[in-house]
Amino acid sequence: INWLTAIFIAGVSYVILILSSYFTTFLSKVVPLTEILGLLGASAPVFASSQSINFLIFAVVIPIVETVVIFALALDLFTSLFNISLNRMSFKLILLFLALSFGFLILHSQAQGIENESALLLVFIMAFISCILIFIYKESRVAILMHCLANGIASIGVFGGLVN
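Residues numbered from 1 in each chain as written. Predicted model: local features only at pLDDT ≥ 70, side-chain atom pairs only at ≥ 80, totals over all residues. Heavy atoms only, no water.

**Topic: a nonpolar patch on the surface**
Next up, step 1: There is a patch of nonpolar side chains on the surface, built from Ile53, Leu56, Ile57, Val60, Val61, Ile64, Val65, Val69 and Leu73 and spanning about 720 Å² of accessible area.
Next up, step 2: Mapped onto the elements, Ile57 comes out in helix α4 (residues 51–81). (Patch = residues over 30% accessible without salt bridge, like charges linked within 9 Å, V, L, I, M, F, W, Y side chains within 5 Å. Areas by Shrake-Rupley, 256 points an atom, 1.4 Å probe, with all protein chains shown as cover. Salt bridge = Lys/Arg side-chain N within 4 Å of Asp/Glu carboxyl O. Helix = DSSP H or I, 4+ residues; strand = E, 2+ residues; numbered from the N terminus.)

**What about helix α1 (residues 3–19)?**
Next up, step 1: End to end, α1 covers 24 Å across 17 residues, agreeing with the expected 24 Å (1.5 Å per residue, within 8%).
Next up, step 2: The complete set of buried residues in α1 reads Ala6, Ile9, Ala10, Ser13, Tyr14 and Leu17. Looking down the long axis of α1, one finds its buried residues gathered within 145 degrees of arc, a one-sided arrangement. Structural note: α1 exposes Leu4, Phe8 and Leu19 on the side pointing more than 90 degrees away from its buried face.
Next up, step 3: Near the N-terminus of α1, the side chain that reaches the backbone nitrogen of Leu4, with its oxygen 3.2 Å away, is that of Asn2. (Expected span 1.5 Å × (residues − 1). Buried < 20%, exposed > 50% of the residue type's maximum accessible area, 1.4 Å probe, protein only. Arc of directions from axis to C-beta. Polar contact = N/O pair within 3.5 Å; in protein donor to acceptor, adjacent residues only side chain to side chain.)

**Some details on the packing of α4 against helix α6 (residues 117–137)**
Next up, step 1: Close contact between α4 and α6 brings their axes to 10 Å; oriented N to C, the two are set at 60 degrees. As far as their axial angle goes, α6 and α4 are oblique. α6 is crossed by α4, and the crossing has right-handed handedness. In this structure, α4 contributes Phe71, Ala72 and Leu75 to the contact, and α6 contributes Ala127, Ser130, Cys131 and Ile134.
Next up, step 2: Grouping the amino acids of the contact of α4 with α6 by side-chain chemistry returns six nonpolar, one polar and no charged. (Axes fitted to C-alpha atoms, helices over the stretch in contact; angles between N-to-C directions. Parallel < 35°, antiparallel > 145°, perpendicular 65-115°, else oblique. Left-handed = near helix turned anticlockwise from the far one by under 90°. Contact = heavy atoms within 4.5 Å. Nonpolar A, V, L, I, M, F, W, Y, C, P; charged D, E, K, R; others polar.)

**Quick notes on the environment of Ala6**
Next up, step 1: Counting through the fold element by element, Ala6 comes out in helix α1.
Next up, step 2: Judged by its relative accessible area of 0%, Ala6 falls in the buried class.
Next up, step 3: Along the sequence, Ala6 and Ser140 sit 134 residues apart, while their C-alpha atoms lie 9.9 Å from each other.
Next up, step 4: Not counting residues within four places of it along the chain, the set of residues in contact with Ala6 comprises Ile1, Arg141, Val142 and Leu145.

**Remarks on the pattern of salt bridges**
Next up, step 1: Counted under the stated rule, the structure contains one salt bridge.
Next up, step 2: One salt bridge connects Glu139 with Arg141, and the closest N-O pair in it is separated by 2.8 Å.
Next up, step 3: Residue Glu139 is classed as partly exposed on the basis of its relative accessible area of 23%.

Coordinates in, geometry out; function isn't part of it.
Spelled out as C-alpha cells, the structure:
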C-alpha cells in the first residue's frame, strides 16, 4: 500500500482505538486489573528532563521499536514456531494475537509504569488492532503509524507540550 493510504488507515485505526475507550472505561470498573498486575511488581518509568527528547522517544522511537519487535518479529517467530498460517484467520492466530496483546499490556504495566486500568485496556486493544493490521496488510507500516499517532497524542498530555 502507498504511504497516503497507510496514513489514512492508521488514522482510522486510531479513531477505532479512541472509540473503544468507552468500553475500556466500563470494563476497568469491573476488572481489578491494577491489583492483578500489581502482584507482578512494578517499576517507575524513567524519563529524561527534556520534553522535546521525551516526545521524540515516546512518539517515534518507542512505537517503531515496540511495533517491529513485538508485533512484526514476535508474530513471525511464533507463527513459525507453532506452525500457524498468516495467510488466513484462524483460532490459533487469534489466540496468538491475544497473547501478544497481553504481553504488550504487561510491558506497559511493568516497564512503563502505567497503572490506569482504562489506559491499560486501551494498550491491549491497540496491540490487538496492530496484530490485525499486520495480518491484513502483511507489513508493519500501518501499525507503526497508528502507534506513533497514539503515543504522540498521549505524550502531549503527559509532557504538557513539545518544547521545554
